[in-house]
Structures are given as structure tokens and as C-alpha cells.
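Understanding the architecture of this molecule
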Amino acid sequence: HKPPNATFHPRALARARQRDIRTPPGHVRASLTMSLSCVSGMSRLGACVGSPRVATNRAIAVRVVISRKERVTAPKKSCRRGVTLRATATAGSPVATSTDTRVSSDFADLWRWLERNGVDTSKATPKLMDDGDGGRQWGLAATKDLGSGEAVLQVPETLWMTKATAIASPVGALLEEQPAWVLVASQLLYEKSLGAESKFAEYVRCLPTTLTAPLFWTAEELSLIQGSQLFQNAAGYDMYVRSTYQTLKDTVFDANEKIFPDSNFSEAQFLWAFGTLRARCLPPVDVGDEIALVP
């Protein structure tokens, strides 16, 4: 976890044009899966493994390579210019119980939306991996054998939510001076409020409505980790996000209720948007002005 005061701290990053999900070195069979669930607000990415093959009956977590080019082979020993993607066999780590209301038709709509926008989805498909308590819920499964370094999905920047898209949206004119994460979070809430009329409707419907990061734990659950570093982090995030929301409510939201109705821009909704960004904005577009929410 990054400390609250550095959550979205600016840093020099190359602007990405494509988000590539690549397979590990060696040959991975069609049982390749990518967990879409999150633990403590962070994507579940296990340690890299060096074996060219991974047991096909276990979950595979993947890292993301974001680059300007359509096909870039990530360096084997250095991660300076990107994050090397490797297959990672993950054990069934317990996570907090949550209620996942998403169904197969939601993901079928998402896949059709991606296809309409030029994304090749032939190599992977959404799949319910494990719907039990603490299970991995929905994930991504390969539909065919994949070779080393082969791109599985490439999502164009035209489908991203960024600082630029937020400024261009109705919320942008009133929040232009705010940090980029506030802009993107506010655009997410605005798109959610539009329902089926939103350009991102199919994507927003596939976002989990219940998050399991400590920021969303009950007082009783938090008491179990009191005195730990995790507890301090959770308390810091809670204070930071709530104070940010209150400032926005007092200075912007209440004065512009037509754009920021309380039903869509409540404190609970704002916390959800922040948690969604924390869980789904991946390096190198997870901080500063480069932050982006990529479907």
C-alpha cells in the first residue's frame, strides 16, 4: 500500500497507447486464467515463476505490459521500461466474503462492446471461476493455446477513462483544478449515473458493486487488525478520502446538484469510485496525471 499522501503522486511516465496482456515465457495451455478479483484494494499478482509451463488446474495471475507499440517483448531481466508479464500459479488465498451480483450476460455485453470498438476478443473469454465465499469470482480464461509473448487483449486508449476524458465530460469544467484521480473517479460516477446512455455502460455494469478492501470493512472487522500497519493504512485512507469528499461536497457538489446529484455522488459512492481506481488502475497508469481506468 502507498501512503495516503502519495496515493496518486505525479511521476514521469510515457503515455501509453495500448494495454497488452501477455502470456508467460514458454507455452501455456488454454486453461490460462486471470483473476479479476482483488485483495485489500490491490490486484492479486503473485510472484513470478521461472518454469516455462504451469499446471493447468491452478489459477494463473498475469502482469500487465503497457506500451506505445502494439507488440513489445518485455525484457527478461529488467522492468525499467515496462512490467514483465509472467504466468503465476496462485494458491487459493482467502479473501473477505462479498456479494457479487454480476452475471454472464453482463460480461457477454462487455465482450460485444469491446468487439464493436475494434478489440480482438477471440483469444479469451470471461468465466466464473469460483463463486464460493472468498472465491475468485469472475476471471478471464484463454480460448486457445497461447505462445510466449503473445498479446491476449489490446484495449485502445479511446476506451480508457483518463484525466483528459474527465475534463471533456460534464464534470470536467467544475473539477479541472482537482487531482487527476478525483477527475477520473468523478467521471466514473457520472458515467454510472447515465446508465445505459453512457459510452461505458457495458464496462461499468461489470464493475463489482461491493469492494473488500479494508476501507470498506466494518468497525468489528477492523478491530481484528487494530495495532497493525494495515490498520493504520486503512485509517489513513479513510480519513483522506472522506475529507476530500467533504471538501468537494462543500465547494462543488452541493452548488451544482444537476451534475452532481447526491444520489450518485454520495460519500459512499465516492468511496466506491476511489476503491475501484485503487484496485483497477495498474502501473504505469495508476498515479499522477497519467492515471487511467482501462476496461
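Just above sits the structure.
First, a word on scope: everything that follows refers to the structure included in this document.

**Some points on the side chain of S266**
With respect to the secondary-structure elements, S266 resides in the loop between α7 (229–253) and α8 (267–280). With a relative accessible area of 18%, S266 lands in the buried category. At 3.2 Å, the side chain of S266 forms a polar contact with the backbone nitrogen of Q269.

**Some remarks on the packing of α7 against α8**
α8 packs onto α7 with a crossing angle of 125° between their chain directions and a minimal axis gap of 10 Å. When the interaxial angle is binned, α7 and α8 end up oblique. The two elements α7 and α8 meet at a crossing, and its hand is right-handed. Residue-level contacts link Y237, Y240, V241, R242, T244, Y245 and L248 of α7 to E267, F270, L271, F274 and R278 of α8.

**Considering the environment of A151**
Looking at the secondary structure, you find A151 in strand β10 (residues 151–156). Taking C-alpha positions, A151 is 8.9 Å from K123, a pair spaced 28 residues apart along the chain.

**Comments concerning the pairing of strand β9 (residues 137–142)**
For a regular strand, side chains alternate in direction, first toward one face of the sheet and then toward the other. With 6 of its 6 residues buried, β9 lies for the most part within the structure. Pairing between strand β8 (residues 124–130) and β9: 6 bridges, direction antiparallel. When the bridges of β9 are listed, P126 appears paired with L140.

**With respect to the pattern of salt bridges**
Enumeration according to the criterion identifies 9 salt bridges in this entry. Here R242 and D238 are joined by a salt bridge, their closest N and O atoms 2.8 Å apart. Of this pair, R242 and D238 both sit in helix α7, 4 residues apart, roughly one helical turn. Assessed through its relative accessible area of 30%, R242 is described here as partly exposed. What makes D238 partly exposed here is its relative accessible area of 24%. Of the charged contacts in the structure, one is a salt bridge between R242 and E267, with a shortest N-O distance of 2.6 Å. A residue pair is termed long-range when its members are at least 10 positions apart, and R242 in helix α7 and E267 in helix α8 qualify at 25 residues. Note on E267: relative accessible area 28%, which makes it partly exposed. A network of salt bridges, in which partner residues are shared, links D109, R112 and R205.

**Some points on the nonpolar core**
Membership of the largest hydrophobic core comes to 56 residues, with the highest contact counts inside it found for L110, M161, W181, L188, L277 and L293. For this core, the secondary-structure elements that each account for two or more residues are α1 (104–116), β9, β10, α4 (180–194), α5 (201–205), α7, α8 and β12 (292–293). In this view, M161 contacts V184, Q187, L188, E191, F200, Y203, V204, I291, A292 and L293; residues no more than four positions away in its chain are not counted.

Scoring rules and cut-offs
Residues numbered from 1 in each chain as written. Predicted model: local features only at pLDDT ≥ 70, side-chain atom pairs only at ≥ 80, totals over all residues. Heavy atoms only, no water. Helix = DSSP H or I, 4+ residues; strand = E, 2+ residues; numbered from the N terminus. Buried < 20%, exposed > 50% of the residue type's maximum accessible area, 1.4 Å probe, protein only. Polar contact = N/O pair within 3.5 Å; in protein donor to acceptor, adjacent residues only side chain to side chain. Axes fitted to C-alpha atoms, helices over the stretch in contact; angles between N-to-C directions. Parallel < 35°, antiparallel > 145°, perpendicular 65-115°, else oblique. Left-handed = near helix turned anticlockwise from the far one by under 90°. Contact = heavy atoms within 4.5 Å. Pairing = 2+ DSSP bridges. Salt bridge = Lys/Arg side-chain N within 4 Å of Asp/Glu carboxyl O. Core = buried A, V, L, I, M, F, W, Y, C linked by side-chain atoms within 4.5 Å.

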